[in-house]
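Report on the structure
Residues per chain, in single letters:
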Protein chains: 2
Amino acid sequence: MTSITGKTKLFATLGYPVGHVLTPQKMNALFAERHYDGVMVAVAATPGQDLARVVAAFRAMRNFGGAVVTVPHKTGIVTLCDHLSPRAANAGAVNVIRREADGSITGDLLDGVGFVTGLQNAGETLKDRRVLLAGAGGAALAIAFALAEAGVAHITVTNRSQDRLDALISRLKNSFPRLSVSANDLSEGHDIAINATSLGLRENDPLPIAPEHLRPPMLVAEVVMMPEQTGLLKAAGWAGCRTHSGRHMLTGQLSAIFDFLTAA
Amino acid sequence: MTSITGKTKLFATLGYPVGHVLTPQKMNALFAERHYDGVMVAVAATPGQDLARVVAAFRAMRNFGGAVVTVPHKTGIVTLCDHLSPRAANAGAVNVIRREADGSITGDLLDGVGFVTGLQNAGETLKDRRVLLAGAGGAALAIAFALAEAGVAHITVTNRSQDRLDALISRLKNSFPRLSVSANDLSEGHDIAINATSLGLRENDPLPIAPEHLRPPMLVAEVVMMPEQTGLLKAAGWAGCRTHSGRHMLTGQLSAIFDFLTAA
């Protein structure tokens, strides 16, 4: 890490608690690698009034750049932003904020963008592809939006809870009227299968996509980072499919976060 | 500098502008030297509402340790503190704040303590000494209080402006009724002469104390740091006096600031 001076731009990882966060270490390494004079520190604040006070101070600090927003503030910070990206507004969630030159705060949601950037950095093409997406939670929503923005032709969403599935599909259709979307129909031909559930974190988790649906030349991709070789990726390998592990999402996210934070 | 993690305690140098500040570099070096898991960053905020917002956020940030307060906030921050040390209250100025475990903010004024710590670190004894102090501004006031707290027997204050001189002497007498104090009487025997004016910063400045008053075994001490060899210190050397340059104050201040900031 380079030395902190009075000219160093200030960034934060904002959460509660923050003892376990790894973003400051990773972003400071990226700042050094890219010769950017910035420093990221962890900031611990509880939801509600304390969060509002911290965001008010971010506006007031002239040398503040922005923050990565993590648990439990991703939804609570939405109303504290002055500007939201369409995807953040649509998801009702924010994972990065940036201080603009006028002191206003812009929020964006880069979870899905990070995943898509990770795919693209690994050389994958998304334009006109047909995607099978397992999950309808926050991660799946963010990834579905980022896939649609990247120009995929079709998304099939699968989920056990019908309510969340319906909600995600309705949001997708509203935002991308020309995107082809279907629910729970695994028979259609897919180029890319993505696990956006947390299944795979634990050793005895069921597979998020049944092995019979994994067929070459399909690419099978994960959001789960630990273990790097999830049950799904193992099954995909046995079936002869190419695989894309969760760590690509992390690298893609860092790159997308850097671009967002330093764009003011 | 060690790596910043989610467990690293956060400190600030709070001023406006902050591009030129050197405290973050120096304090981060001291944190590393003392194996203390802290990081100091510069925070730029203008006086008034923005300063108030930043201090409100310092209360809200659970992993915030404290701040060095510099120009132009040393007086403006006084009313934003919950607790003040007697010397800060008396001077109406604060140069360090600390976040207590309950989120309250304690302010102190360590300028004079830093100077006295610098003298003590250099092996000088202050107890029962007779001191000649040139100047009646903020630095002189802080040093006078710190000298009185360190147990000197007598302080002679000299200053061109009678009003400021009277004000300083009156404050000193109020706070330390048993201290012997006199004004502008350079004939009395002094063990230590201290320049607490800014005379010496520029090459053509007049001497803050006339050379005929510098006589061995007197110790002659400076607050001016640049140049290290001021006109006063040169004259003191020619007169055969021992000298104590302004850089000792900086080292003493850093040590006193570290102790204050990490005491919560």
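Quick caveat: nothing in here was measured; it's all calculated off a predicted structure.

**A word on the interface of chain A and chain B**
Facing 32 residues of chain A, the contacting portion of chain B comprises 32 residues. Together chain A and chain B conceal approximately 2,500 Å² of surface at their shared face, both sides included; 64% is due to carbon and sulfur atoms. The tally of links from chain A across to chain B stands at two salt bridges. The shortest N-O distance in the salt bridge between Asp50 of chain B and Arg62 of chain A comes to 3.9 Å. The interface formed by chain A and chain B contains nine residue pairs in polar contact (both at pLDDT 80 or more). Those elements that place two or more of their residues in the side of chain A that touches chain B are helix 1 (23–33), strand 2 (38–44) and helix 2 (49–60) of chain A. Element by element, the count of residues in the side of chain A that touches chain B is highest for helix 2 of chain A, at seven residues.

**Concerning the pattern of salt bridges**
Following the criterion strictly, the structure yields 24 salt bridges over all chains and no others. A salt bridge links Asp108 of chain B to Arg87 of chain B, with the shortest nitrogen-to-oxygen separation between them at 2.9 Å. With Asp108 of chain B in strand 6 (residues 105–108) and Arg87 of chain B in helix 3 (residues 86–91), the pair connects residues that are 21 residues apart, well separated along the chain. Accessibility expressed as a relative area gives 7% for Asp108 of chain B, which makes it buried. Put simply, Arg242 of chain B and Glu124 of chain B hold a salt bridge, and the shortest N to O gap is 2.8 Å. Of this pair, Arg242 of chain B sits in strand 12 (residues 242–244) while Glu124 of chain B sits in the loop between helix 4 (111–121) and strand 7 (130–134), placing them 118 residues apart in sequence. Taking the relative accessible area as the measure of exposure, Arg242 of chain B reaches 44% and is therefore partly exposed. We classify Glu124 of chain B as buried; its relative accessible area is 15%. Through salt bridges with shared partners, a single ionic network connects Asp50 and Arg53 of chain A together with Arg62 of chain B.

**Quick notes on the sheet that holds strand 7 of chain B**
Residues and elements named next belong to chain B. Strand order in this open sheet of six strands is 9-8-7-10-11-12, and the pairing throughout is parallel. Since the sheet does not close on itself, it has two edges, and those belong to strand 9 (180–183) and strand 12, each with one partner. On average, adjacent strands in this sheet sit at an angle of 20 degrees to one another, irrespective of strand direction. Of the strands in this sheet, strand 8 (154–158) and strand 9 touch helix 6 (residues 162–175), which is tilted by about 175 degrees from strand 9. Across the sheet, helix 7 (residues 231–238) touches strand 10 (192–195), strand 11 (219–222) and strand 12, and the angle it forms with strand 11 is around 170 degrees.

**Some details on the relation of the copies chain A and chain B**
Relating the two copies of this chain is a rotation about some axis coupled with a shift parallel to it. Note on the identical chains: chain A maps onto chain B by a rotation of 180 degrees and an axial translation of 0.0 Å, with an RMSD of 0.0 Å. Look at the turn and shift together and you get a two-fold axis relating the two. By C-alpha distance to the rotation axis, the residue of chain A lying nearest is Ala57 of chain A, at 2.9 Å. The residues that chain A uses at the interface reappear at the interface of chain B in 100% of cases, marking a shared surface.

**Points about helix 1 of chain A**
All names here are of chain A. Thr23, Pro24, Met27, Asn28, Leu30 and Phe31 are the residues of helix 1 that are buried. Summarising the axial view, the buried residues of helix 1 lie within an arc of 160 degrees, below the 170-degree limit, and thus occupy one face. Within two residues after helix 1, His35 carries a phi angle of roughly 55 degrees, on the positive side.

**Quick word on the UniProt feature "domain: Quinate/shikimate 5-dehydrogenase/glutamyl-tRNA reductase" (unreviewed entry) in chain A**
Under the local residue numbering, the UniProt record ascribes the feature "domain: Quinate/shikimate 5-dehydrogenase/glutamyl-tRNA reductase" (unreviewed entry) to residues 123–198 of chain A. Helix and strand shares over residues 123–198 of chain A are 34% and 24% respectively, and the end C-alpha atoms of the span are 25 Å apart.

**Some remarks on the packing of aromatic side chains**
Scanning all chains against the criterion turns up 14 aromatic pairs over all chains. Ring centres 5.2 Å apart and planes at 40 degrees place the aromatic pair Phe11 of chain A and Phe31 of chain A in the tilted group. Here Phe11 of chain A, found in strand 1 (residues 9–15), pairs with Phe31 of chain A, found in helix 1; they are 20 residues apart in sequence, far enough to count as distant. Pair check on accessibility: Phe11 of chain A and Phe31 of chain A agree, each one buried. Taking the centre distance of 5.6 Å and the plane angle of 80 degrees together, the rings of Tyr36 of chain B and Phe258 of chain B count as edge-to-face. Separated by 222 residues along the polypeptide, Tyr36 of chain B in the loop between helix 1 (23–33) and strand 2 (38–44) and Phe258 of chain B in helix 8 (residues 247–261) bring together distant segments of the chain. Members of the aromatic cluster, each reached through a chain of ring pairs, are Phe11, Phe31, Tyr36 and Phe258 of chain A. One cation-aromatic arrangement involves Arg98 of chain A over Phe260 of chain A; the distance from NZ or CZ to the ring centre is 4.4 Å.

**Some points on the side chain of Asn95 of chain B**
Residue and element names in this part refer to chain B. By secondary structure assignment, the location of Asn95 is in the loop between helix 3 and strand 5 (96–99). Since its relative accessible area comes to 5%, Asn95 is described here as buried. Here the side chain of Asn95 touches Leu110 through a polar contact of 2.7 Å, landing on its backbone nitrogen.

**Quick notes on the pairing of strand 5 (residues 96–99) of chain A**
If a strand is regular, its side chains alternate between the two faces of the sheet. Residues and elements named next belong to chain A. On strand 5, burial covers both faces: Val96 and Arg98 on one face and Ile97 and Arg99 on the other are all buried. Looking at chain direction, strand 3 (residues 64–69) and strand 5 are connected through three bridges and run antiparallel. Bridge pairing links Gly66 to Arg98 in strand 5. Here strand 5 pairs with strand 6 (residues 105–108) via four bridges, running antiparallel. Within strand 6, the residue paired with Arg99 across the bridge is Ile105.

**Here's the deal with unusual backbone geometry**
With an omega dihedral of 0 degrees, the bond running from Met226 of chain A to Pro227 of chain A counts as a cis peptide bond. Tracing the backbone through its elements, the reader meets Pro227 of chain A in the loop between strand 11 (219–222) and helix 7 (231–238). Although it is not a glycine, Asn184 of chain B adopts a positive phi angle of roughly 60 degrees. Here Asn184 of chain B shows up in the loop between strand 9 and strand 10. Judged by its relative accessible area of 34%, Asn184 of chain B is partly exposed.

Calculation rules
- Residues numbered from 1 in each chain as written.
- Chains lettered and ligands numbered in written order.
- Predicted model: local features only at pLDDT ≥ 70, side-chain atom pairs only at ≥ 80, totals over all residues.
- Heavy atoms only, no water.
- Contact = heavy atoms within 4.5 Å.
- Buried area = accessible area lost by both parts, 1.4 Å probe.
- Salt bridge = Lys/Arg side-chain N within 4 Å of Asp/Glu carboxyl O.
- Polar contact = N/O pair within 3.5 Å; in protein donor to acceptor, adjacent residues only side chain to side chain.
- Helix = DSSP H or I, 4+ residues; strand = E, 2+ residues; numbered from the N terminus.
- Buried < 20%, exposed > 50% of the residue type's maximum accessible area, 1.4 Å probe, protein only.
- Pairing = 2+ DSSP bridges.
- Axes fitted to C-alpha atoms, helices over the stretch in contact; angles between N-to-C directions.
- Least-squares fit on C-alpha atoms with pLDDT ≥ 70 in both.
- Arc of directions from axis to C-beta.
- UniProt positions renumbered as here; feature names shortened; annotations may be inferred.
- Phe/Tyr/Trp six-rings, centres within 6.5 Å; stacked < 30°, edge-to-face > 60°.
- Lys NZ or Arg CZ within 6 Å of the ring centre and 35° of its normal.

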